[in-house]
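A structural walkthrough
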Amino acid sequence: MTTDAPKERPSLDELGRALMSTGALPSEWAPSYAAVSRSTVLPDLMWPFDMAAGRSVAVSKADDPAKWREFAESDVPIVTQWDDGKHTGTEPGHVPTSSASMPSVVFRMLQDLDLHPGHKVLEIGTATAWNALLMAHRAGPGCVTTVEVDRAVATAAMATVERLEIPLHVVHGDGCQGYLEGAPYDRVIVTCGLRSLPFAWVEQCRPGGVIVAPWGTNYSHADAVARLVVAPDGASASGRFTGPVEFMKLRSQRFVARPHSEYVTGSVADGVESATTITEAEFVGEQFGPERFVMGLRVPQCSYIVANKHEGALPVWFYSLNDRSWACCMFRDGDTARVWHSGPRRMWDEAEAAFQWWDGHGRPDPSRFGLTVTAKGERVWLDDPANSWTL
C-alpha cells in the first residue's frame, strides 16, 4: 500500500499569512500568491491608499525603498496611473485610471471565478498584470488572455510578462468587444466597474462558464461583484452578487455628471418643499453598506451625492439623468429632515419609496440580489430571477 506524499506548503509573506488567517486567501490560491509577488509587478513610483491619512500618497522605490515595500506588501489599493496617463509629477492627479487592487479583493473575486488548471480565461482590464499572472500560474501556460484598453499600460504589462516568463497573452484593445480569437472561454473576469455588461462576453464564454464582474449603477460608486453562469443555450448569463466592491469604471462607461447649475438654476428654496421622517443614519448608512447599492437598483437613471455636513446639517442631492429633475433632502441633527424638489420626476418620492421597499423586504444586502444578462439587456432580481425588473 502506498500513499501520496503530502504537498509542501507554499512559503507566504506576512500579508499572505494574514490573508489566509482571515479566509481572504483560499488555500488553492496560496501557491500562486507565493509564486507571483505583487511587489514584482508594481512601478517604482506608485500611489498607495494610506489608511491613516485617508488618501493616496506618492511613494518612490528609489527614495524610500522600505516604505515602498511596506505598501507593496499591504492589503491596500495602489494607484499606478492618473488621468489616463496625462498626469506628470509625483503628487496625485485628478482621477485614478489604473491601479493594483487590494489583494483581499483580488482573491475574493478569484475565488468567485472557481478557476481550475486547464481553464481558458479572458480578463478585461490588465493593469499591472498581477491578476492575469496569478491566473496563468494556476490555469497553466497559454490559458489566459488579458485585454487592456490603455496602450501604455498594456505595453508595460507585456514587458512585465516577458520579464517574469509566465506565458499569457496580453492584448491592447477594447475590452468591451472581448477577444473573439481566443473564444470560447471557460471563465471571464473583469477588473473594472461596469454599468452594463457587454453581451459579447456572454457570447464568448461557453455554456456553463462563469463570468465575474463588478457591477452597479450611476446612483453611486457602491457596486457589487456579480457571479454569472452562462445558460446551456448561451442566450443569457445569470447569477447572484457576492459582496460589495468599488472599482474604477470601464472607460467607455464612465459617468460624467452634469453641473449642479444645470439643475438648480436659482435657490434650492425655489423647489417644492416637503418633509420626511427617515433619518440620516438610516438613509445614508455606511460607505460600503447595502443602502446605496440597493437604492441604485430601485431608483433608475439617478445620481446621488452626499454633501459635506455643516453645523449639524447634511444635504443629500438627487439628480435625474434623463431630464433636469432634482431633489435635496436636508438631514439635520435632532430635527425632521426637510426636502425640496423640482422637475417632472419627484426624485425624493422615488428615493423614499425605494427606501421603504428595501426596509419592507428586510433590508437585504447585495447577496440577496442577482443579475440576468441577455442580448436585449439586463434585469436585476431579489432572491429569485422570477422577481426581476428592468433597470
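My aim in this report is to walk through the structure given alongside it, one point at a time. As the structure is a prediction and not an experimental result, all values here were calculated from the model.

**A few points about the sheet that holds strand β9 (residues 185-190)**
The strand order across the open sheet formed by 10 strands is β8-β7-β6-β9-β10-β11-β12-β18-β19-β20, and the pairing between neighbours is mixed. Where the open sheet ends on each side, the last strands, each with one partner, are β8 (169-172) and β20 (388-390). Neighbour-to-neighbour, the strand axes of the sheet open up by a mean angle of 20 degrees, direction not taken into account. Here strand β10 (residues 205-215) pairs with strand β11 (residues 223-230) via 6 bridges, running antiparallel. Across the sheet, the residue bridging to P214 is V225, located in β11.

**A closer look at the environment of T160**
Relative to the assigned elements, T160 resides in helix α6 (residues 151-164). Look at T160 and you get buried, because its relative accessible area is 9%. Between the C-alpha atoms of T160 and V41, which are 119 residues apart in sequence, the distance is 6.6 Å. Leave out the neighbours within four places in its chain, and T160 touches V41, T128 and L133.

**A closer look at the side chain of D112**
Here D112 is to be found in helix α4 (residues 103-113). With no salt bridge to any partner, buried D112 finds its closest opposite charge in R108, at an N-O distance of 5.2 Å.

**Things to note about helix α10 (residues 347-360)**
Taking 1.5 Å of rise per residue, the 14 residues of α10 would be expected to cover 20 Å, and the 20 Å separating its terminal C-alpha atoms lies within 8% of that figure. Taken together, the buried positions of α10 are occupied by M347, W348, A351, A354, F355, W357 and W358.

**What to know about empty space enclosed by the protein**
Evaluation of the coordinates by the stated rule reveals 1 cavity of 30 Å³ or more. Approximately 60 Å³ is the volume found for the largest cavity. In terms of lining residues, the largest cavity is bounded by D13, L15, Y33, S37, R38, S39, A72, E73 and W130. In the lining of the largest cavity, the residues fall into 4 nonpolar, 2 polar and 3 charged.

**Considering unusual backbone geometry**
Cis peptide bonds are those with omega within 30 degrees of zero, and the linkage from A183 to P184 qualifies with 0 degrees. Within the fold, P184 resides in the loop between β8 and β9. Phi angles above zero are rare outside glycine, and Q301 is one such case at about 50 degrees. Here Q301 shows up in the loop between α9 (290-298) and β14 (302-306). Residues other than glycine seldom take positive phi values, yet R363 does so here, at roughly 50 degrees. Here R363 shows up in the loop between α10 and β18 (369-374).

**Some remarks on the pattern of salt bridges**
In the structure shown here, the tally under the stated rule is 17 salt bridges. A salt bridge links R251 to D84, with the shortest nitrogen-to-oxygen separation between them at 3.3 Å. Residue R251 is located in the loop between β12 (236-245) and β13 (272-276), and its partner D84 is located in the loop between β4 (78-82) and β5 (96-100); the two are separated by 167 residues in the primary sequence. On the basis of relative accessibility, which here comes to 25%, the residue R251 falls in the partly exposed class. D84 gets classed as partly exposed once you look at its relative accessible area, which sits at 27%. With a closest N to O distance of 2.7 Å, R254 and D84 form a salt bridge. Taken together, the residues span a long stretch of sequence, with R254 in the loop between β12 and β13 and D84 in the loop between β4 and β5 at a distance of 170 residues.

**With respect to the pairing of β18**
β18 sits mainly inside the fold: 5 of its 6 residues count as buried. Relative to β18, β12 runs antiparallel, the two being bridged by 5 bridges. Bridge pairing links A237 to V373 in β18. Across 6 bridges, the pairing between β18 and strand β19 (residues 377-382) is antiparallel. Following the sheet pairing, T374 is matched in β19 by G377.

Rules of the game
- Residues numbered from 1 in each chain as written.
- Predicted model: local features only at pLDDT ≥ 70, side-chain atom pairs only at ≥ 80, totals over all residues.
- Heavy atoms only, no water.
- Pairing = 2+ DSSP bridges.
- Helix = DSSP H or I, 4+ residues; strand = E, 2+ residues; numbered from the N terminus.
- Axes fitted to C-alpha atoms, helices over the stretch in contact; angles between N-to-C directions.
- Buried < 20%, exposed > 50% of the residue type's maximum accessible area, 1.4 Å probe, protein only.
- Contact = heavy atoms within 4.5 Å.
- Lys, Arg positive; Asp, Glu negative; His and termini not counted.
- Salt bridge = Lys/Arg side-chain N within 4 Å of Asp/Glu carboxyl O.
- Expected span 1.5 Å × (residues − 1).
- 1 Å grid on protein atoms, 1.4 Å probe; cavity = no way out; pocket = protein on both sides within 12 Å on 5 of 7 lines; lining within 4 Å.
- Points joined across faces, edges and corners; volume = space filled by probe spheres on them.
- Nonpolar A, V, L, I, M, F, W, Y, C, P; charged D, E, K, R; others polar.

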